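An overview of the molecular structure
Take a look at the letters that make up each chain.
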Amino acid sequence: MLIALAKPFEKIVASVTEKHDPDQIKTYKTALVFIALTMGFGGLCWGVICVATGLYYAMYIPFGYVFITIFNLIAFFKHKNLKVARPIQLFFSILLPFAFQWTIGGFVSSGSVMVWAVLALIGLLTCHPTRGVNIWLFFFIILCFFSGFFEEYFFQLFPTIKTPDLGKSLFVVNISAVAIVLFFLSKYFINNEKKLKLAFEGQLNAINSTVATVELNAYGKIKSVNESFLKLSTLLPNEIVGKHFDDIFETSKDHLQKTSFLEDLKNGISKNDAFKINSTTGAKKWINATFTPVKDIDDTVTKIITLCTDITSDKTKSFEFEVQSKAMNQFNVIADFSLDGKLLDANDIFLKATKYKKLDAIQGIKHDELLVTDEEMSLKPFWPNIIFKGSIEGEFIRKNKYGKDIWLRGAYTVVKDIDGKPYKVIFFGQDISEKKRLELRTQEQFEKLKKVDEQLRKYSERLIEINENLKNTQVELEFRNHSIKNIVKSAPIIVFSLDSSGNFTIIEGKGLELAELTESTLKGKSAFKFFEDDEPAKEAIGNALKGIESSLHIEVGDVKFRTYFVPNKDDKENIDGVTGIAIEIDSLSEK
């Protein structure tokens, strides 16, 4: 029969426990359900006895206990809150047997029904931390003394069961029922404890044979280590045992963090971290250590078991990866996008290239809205193409914050998790905007140079043609120049040239002899100085230097000349001098 009841009982217990409950909590919950069900059944039996013997007013206590138990268990099944259900059940399991005994005449008449409270008290040790049981024991003792002092009063107040044989029978029933329940309760939990102990020892042996372990006391001092840890650390037992774990497990944490780490362990909080071990041989090992506090039945941490794994190789690779990652972040554009194209993260190089100061300003914006040019959008949807292909690489024209073109060379790659499921897209590349702008400027200059070269070629052909014409013209000019020089030498004229300051640069002709002048006395001299007493002549020279042609009669000694002043202009139409001719008036009249 007991075996048949075991399976339903296990199902009931399973309904109040949760997967994440520690084994100790599961034990507490199991014990509470066991006490509630057995004492509830006892209450039901006592209620029936009251009805059968006509104790109608007394039956409310056992039946009331049954109803309280039912409602408390229903709430326990629903909320699984041990801290609420346990004190309610224990309070009524200790109080109501005493109250029931009082209402049916005391110790003798009731057969010491208060012994059911002993069941609750002893069961308390299996469903409650030992630190909290003293209060319940004190509560039980008070009720015992209260019952003893007022025994006669209860007998007179409730003279209900006065038959000695019935009292003896009830005493036998109460003692037997409570003994049976206590026996099976103890047997169940002793067997369960043995199973847990064997399972724990098996797990501990398996761990010790495969994992490096260190046992610490509650204050962090090393009590023992296994062979696996000695091999891992290359240390000897006398170099480890008795020392504080800080002396062996080296970490970069400051004093306050170390203190907080140990305080958490003392409070029963497991910790995990990476540490470096320095052996006496100088060898350095990195380990991952998990510190697990072990508590006694009073919920006090008595020791700490530390499981260690060698992560030296992983740590070295991690350092190398961090260096590589840092280097890549310093010189490459990196940006992460969600599968629907929203920007998740980006490095400083990306922000610099796109002219954004803060990542917050662009997080959550879609790729097409943030970067893609109108031209690319008009060709085909860019982002769906990445998701479809898995990776696209090349040179991409993008827009920065101010709408100006930037060029990025790299690849968009779909990143997958360990199950092969895509979860984001990463862009990794370089900003080649300056190089591209230089290429465009070079191409533009090349095109301009091609045009200039074409023009120069045309000009060269034209110059060759002009040169040929000049050669022909030069011969003709030389002939004319020779003829003019002969005329100038024989004709009564003076030909002269003035620079922009009005100084004679050229002066020759037969007219010089008539005026009793020589080329050497005038060349390089100022015309304004020569005509300093002739205001009309100076005015005419000044007008000519301003671009105004003029002519007038000038007397030089006894000779009169008709003089013409013509401005000289360069290619840009600027006046750079004056050309003049003076003709002796008598000769002019003759002509």
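For the structure given in this document, a descriptive report is provided here. Since the model is a prediction, treat every value here as computed from it, not as a measurement. (Residues numbered from 1 in each chain as written. Predicted model: local features only at pLDDT ≥ 70, side-chain atom pairs only at ≥ 80, totals over all residues. Heavy atoms only, no water.)

Notes on the overall build of the chain
Each helix and strand in the chain was counted, giving 23 helices and 15 strands. When burial is assessed residue by residue, the chain has 36% of its 591 residues classed as buried. Within the chain, contacts between residues at least 6 apart in sequence are counted, and of these 49% link residues at least 24 apart. As displayed, the chain has an accessible area near 36200 Å², and 60% of this comes from carbon and sulfur atoms. (Helix = DSSP H or I, 4+ residues; strand = E, 2+ residues; numbered from the N terminus. Buried < 20%, exposed > 50% of the residue type's maximum accessible area, 1.4 Å probe, protein only. Contact = heavy atoms within 4.5 Å. Areas by Shrake-Rupley, 256 points an atom, 1.4 Å probe, with all protein chains shown as cover.)

Here's the deal with the side chain of Thr 38
Considering the arrangement of structural elements, one finds Thr 38 in helix H2 (residues 23–53). Taking relative accessible area as the criterion, Thr 38 reaches 18% and is therefore assigned buried. Beyond its immediate chain neighbours, meaning those up to four positions away, Thr 38 contacts Trp 116, Leu 119 and Val 181.

Side note on the side chain of Thr 69
Along the chain, the position of Thr 69 falls in helix H3 (residues 60–79). On the basis of relative accessible area, Thr 69 is assigned to the buried category, the value being 4%. A polar contact is formed between the side chain of Thr 69 and the side chain of Gln 89, at a distance of 3.1 Å. Apart from residues lying up to four places away in sequence, Thr 69 is in contact with Ala 36 and Gln 89. (Polar contact = N/O pair within 3.5 Å; in protein donor to acceptor, adjacent residues only side chain to side chain.)

Some thoughts on the sheet that holds strand S11 (residues 493–499)
Taken in spatial order, the five strands line up as S12-S11-S15-S14-S13 in an open sheet, and their pairing is antiparallel. Among the strands making up the open sheet, the edge pair consists of strand S12 (504–508) and strand S13 (550–556). Here the strands of the sheet are splayed against their neighbours by 20 degrees on average, with no regard to which way each runs. (Pairing = 2+ DSSP bridges. Axes fitted to C-alpha atoms, helices over the stretch in contact; angles between N-to-C directions.)

Focus on the pattern of salt bridges
Tallying each qualifying case throughout the model produces seven salt bridges. The closest approach of N and O atoms between Glu 215 and Lys 303, which form a salt bridge, is 3.9 Å. One end of the pair, Glu 215, is in strand S1 (residues 212–217); the other, Lys 303, is in strand S5 (residues 301–310), with 88 residues separating them in the sequence. Taking relative accessible area as the criterion, Lys 303 reaches 25% and is therefore assigned partly exposed. Between Lys 560 and Glu 555 there is a salt bridge, and its shortest N-O distance comes to 3.7 Å. (Salt bridge = Lys/Arg side-chain N within 4 Å of Asp/Glu carboxyl O.)

Description of the sheet that holds strand S9 (residues 405–416)
Strands belonging to one sheet form pairs held by backbone hydrogen bonds; the direction of such a pair is parallel or antiparallel. On the basis of which strands lie adjacent, the open sheet formed by five strands has the order S7-S6-S10-S9-S8 and antiparallel pairing. Looking at the sheet topology across the chains shown, the edges are occupied by strand S7 (343–346) and strand S8 (391–399). Across the sheet, the mean angle separating the axes of adjacent strands is 30 degrees when strand polarity is ignored. Note that S8 and S9 share nine bridges and pair antiparallel. Each bridged residue has a counterpart across the sheet, and for Phe 396 the counterpart in S9 is Leu 408. The sheet contacts of helix H17 (residues 382–389) involve strand S6 (333–337), S8, S9 and strand S10 (422–431), and relative to S8 the element is tilted by about 165 degrees.

Digging into a nonpolar patch on the surface
On the surface, a cluster of nonpolar side chains totalling about 820 Å² of accessible area is made up of Leu 137, Ile 141, Phe 145, Phe 146, Phe 149, Phe 150, Tyr 153 and Leu 157. Within the residue set of the nonpolar patch, elements represented by two or more residues are helix H7 (133–149) and helix H8 (151–157). In this structure, Phe 150 sits in the loop between H7 and H8. (Patch = residues over 30% accessible without salt bridge, like charges linked within 9 Å, V, L, I, M, F, W, Y side chains within 5 Å.)

Remarks on the packing of aromatic side chains
With the rule as written, the count across this model stands at 20 aromatic pairs. Between the aromatic rings of Trp 46 and Phe 100, the centroid separation amounts to 4.9 Å while the plane-to-plane angle is 75 degrees, which identifies the pairing as edge-to-face. Here Trp 46 is found in helix H2, whereas its partner Phe 100 is found in helix H4 (residues 82–103), with 54 residues between them in sequence. Under the relative-accessibility criterion, Trp 46 is labelled buried at 7%. Considering the side-chain rings of Phe 249 and Phe 291, the 6.0 Å spacing of their centres and the 65 degrees angle between planes classify their relative orientation as edge-to-face. Of this pair, Phe 249 sits in the loop between helix H11 (245–248) and helix H12 (255–266) while Phe 291 sits in strand S4 (residues 284–295), placing them 42 residues apart in sequence. For the residue pair Phe 249 and Phe 291, the accessibility class agrees, reading buried in each case. (Phe/Tyr/Trp six-rings, centres within 6.5 Å; stacked < 30°, edge-to-face > 60°.)

Structural notes on the packing of H2 against H4
H4 packs onto H2 with a crossing angle of 30 degrees between their chain directions and a minimal axis gap of 11 Å. Taken together, the axes of H2 and H4 are roughly parallel relative to one another. For the crossing formed where H2 meets H4, the hand is left-handed. Every residue of H4 that contacts H2 at Ile 25, Tyr 28, Lys 29, Leu 32, Ala 36, Met 39, Trp 46 and Cys 50 is listed here: Leu 82, Ala 85, Arg 86, Gln 89, Ser 93, Pro 97 and Phe 100. By residue class, the composition of the contact of H2 with H4 is 11 nonpolar, two polar and two charged. (Parallel < 35°, antiparallel > 145°, perpendicular 65-115°, else oblique. Left-handed = near helix turned anticlockwise from the far one by under 90°. Nonpolar A, V, L, I, M, F, W, Y, C, P; charged D, E, K, R; others polar.)

Considerations on unusual backbone geometry
One non-glycine residue, Lys 80, lies in the positive phi region at around 55 degrees. One can find Lys 80 in the loop between H3 and H4. What makes Lys 80 partly exposed here is its relative accessible area of 23%.

A few points about the pairing of S5
Note: S1 against S5, six bridges, orientation antiparallel. Paired with Ala 212 across the two strands is Cys 308, which belongs to S5. Sheet topology places S4 next to S5; nine bridges connect them, and they run antiparallel. Residue pairing for S5: Pro 293 is matched across the bridge by Ile 304.

Some thoughts on H17
Those residues of H17 lying buried are Phe 382, Trp 383, Asn 385 and Ile 386. One side of H17 carries all its buried residues, which in axial view fall inside an arc of 160 degrees. Just past H17, the residue Gly 390 takes up positive phi, approximately 95 degrees. (Arc of directions from axis to C-beta.)

Some points on the packing of H2 against H3
Viewed as axis vectors pointing N to C, H2 and H3 meet at an angle of 150 degrees, and their least axial separation amounts to 7 Å. Judged by the angle between their axes, H2 and H3 are roughly antiparallel. In the packing of H2 onto H3, the handedness of the crossing is left-handed. Tallied by class, residues from the contact of H2 with H3 come to 16 nonpolar, four polar and one charged.

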